[in-house]
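Notes for the structure review
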Amino acid sequence: MKNLAAELAAREAAGLYRRRRTIDGPQGPLLRCDGHELLSFCSNDYLGLANHPEVIAALKRGADEYGVGSGAAHLVNGHSRAHQQLEEELAAFTRRPRALLFSTGYMANLGVVSALAGVGDGVFEDRLNHASLLDAGLLSRARLSRYPHGDANTLDKKLGGSKAKEKFILTDGVFSMDGDIAPLPALALAAEKHDAWLMVDDAHGLGVLGHNGGGSLEHFGLGIEEVPILMGTLGKGLGSFGAFVAGGDHLIEYLINTARPYIYTTATPPAVAEATRASLRLVQSEGWRREKLQALIRRFRDGAGQLGLRLMDSPTPIQPLLIGDAAEALRLSEALLAQGILISAIRPPTVPEGTARLRITLSAAHSETQVDRLLDALGAVCPRKNSRTAEGAEGTKP
Ligand SMILES: *Cc1c(COP(=O)(O)O)cnc(C)c1O
């Protein structure tokens, strides 16, 4: 029998042990955590909507109107008016004919890919895709092929050499642990040339990128012709919970009829859909949140550059500091904690071996003063040595 205690001890020794922290109170720059007040830079609540009064009020009204539980799956009797309206609003927001709610982004990815791809097909994924896209490829039982990060040329060659019946290119829009944006125009060209489907998971782009918050597709001016399958999540920039897939009528009807993680799960509470509707209105009406976020990103990058910290090439609120060694990343995260700053150390297997990092995320809810406090703390705990370790790590990055 598997020796769980020994495996856990080995993880601990390698700096790979994972522990949870308990948070009291809502998300925001200041968190109460295990009795301490911490300044947090690790939430995906990029626009500061998770604790917005209008979103909270919508959730409460939703509970008054619909109660709490949805009662059943969407195809039984769990599909409420609130879900329906949110789907229509998400379709309009993404400028697509239809949108379909899923309970989580993980399930949306599993659902889409396992419904569309199967034995005899080919799934092509960026090496740094989110775990849920990789698991989706595995679950589909299609042949899974991974191309080097952001490398549309290699992808093009792989597609050219493939004998698969149907070909699917899957990519994060914004890479969750690196913060860079996928080269979507080049991926779309490769897809067109080889008659492949292109699916973009825009969990970290939606609400954040593009003038209207339309995400990485709006950022590049791409539409449904170039990217027929768009997946977005509602628990990050939108500050709520859940996910959706947006595309054409046939795609959505096909998913409703065949996507198992859609069919065999209880619909999310309708009140949550009401909350998301409120946050979607704020995403569209309050462009200042994106502008403020961009200003904070510039401030952070300028300051980090002056400190000689090793930033990654990211234009988004995900601003990781590459450390390399997992135990060292953990040590730095704990040193920051001692200064009252919460940043999680991201370690393998979430990121490739030798590329452990501090994943710093910024939010429109942060103030300039808070970003300056972060820079001061980083300056104190991450001396120059930090960039040496990172240099060593670079050679091992795929
Ligand atoms: C968070 C995330 C998901 C999963 O979404 P959930 O709604 O949290 O399940 C999927 N893809 C990417 C790129 C993500 O960052």
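Scroll up for the structure.
Notes on the structure in this doc start here. Nothing here was measured: the structure is a model prediction, and the numbers come from that model. (Residues numbered from 1 in each chain as written. Predicted model: local features only at pLDDT ≥ 70, side-chain atom pairs only at ≥ 80, totals over all residues. Heavy atoms only, no water.)

1. What to know about the sheet that holds strand S1 (residues 23-24)
Basically, it comes down to this: Only when DSSP finds a minimum of two bridges between them are two strands counted as paired. Where helices and strands are cited, they refer to DSSP runs of H or I of at least four residues and of E of at least two residues respectively, numbered from the N terminus.
Taken in spatial order, the four strands line up as S1-S2-S3-S12 in an open sheet, and their pairing is mixed. The sheet terminates laterally at S1 and strand S12 (341-342), the two strands that pair on one side only. Bridge count for strand S2 (residues 30-33) against strand S3 (residues 36-40) is four bridges, and the pairing is antiparallel. Bridge pairing in S3 links Leu30 to Leu39.

2. Let's talk about the pairing of strand S9 (residues 229-233)
The two faces of a sheet get side chains in turn, since along a regular strand they alternate between them. Put simply, the rule is: Only protein chains enter the accessibility calculation, which uses a 1.4 Å probe; a residue is then buried when its area is under 20% of its type maximum, exposed when over 50%, and partly exposed in between.
Burial of S9 is extensive: five of the five residues sit out of reach of the surface. Residues Ile229, Met231 and Thr233 line one face of S9 and the alternating positions Leu230 and Gly232 line the opposite face, and both faces are buried. Sheet analysis places strand S8 (residues 197-201) next to S9, joined by three bridges and oriented parallel. Counterpart to Met199 in the pairing with S9 is Ile229. Alignment of S9 against strand S10 (residues 243-247), held across four bridges, turns out to be antiparallel. Each residue of the ladder has a partner; that of Leu230, found in S10, is Ala246.

3. Some thoughts on helix H6 (residues 131-140)
Put simply, the test is: Contacts were defined at the residue level, with two residues in contact if any of their heavy atoms lie within 4.5 Å.
Considered for burial, the residues of H6 that qualify are Ser132, Leu133, Leu134, Ala136, Gly137 and Ser140. Against helix H5 (105-116), strand S5 (122-126), strand S6 (143-147), strand S7 (167-172) and S8 lie the buried residues of H6.

4. Focus on the site of the ligand
Inclusion rule: We call a residue near a given molecule or strand whenever any one of its heavy atoms falls within 4 Å of it. Polar contacts here mean pairs of N or O atoms no more than 3.5 Å apart (in protein, one a potential hydrogen donor and the other a potential acceptor; neighbouring residues in sequence count only if both atoms are side-chain atoms). Note on areas: Shrake-Rupley, 1.4 Å probe, and residue coverage restricted to the protein chains presented here.
If you check the shell around the ligand, you find 15 residues, and the closest are Gly105, Tyr106, Asp201, His204 and Lys236. In the model, an oxygen atom of the ligand is placed 2.7 Å from a nitrogen or oxygen of the Gly105 main chain. Within the backbone of Tyr106, one N or O atom sits 3.0 Å away from an oxygen atom of the ligand. Coverage of the ligand by the protein chains reaches 83% of its 370 Å² of free accessible surface. Counting residues per element, the ones that place at least two in the shell around the ligand are H5 and S9. Among the elements that line the shell around the ligand, the one with the most residues is H5, at three residues.

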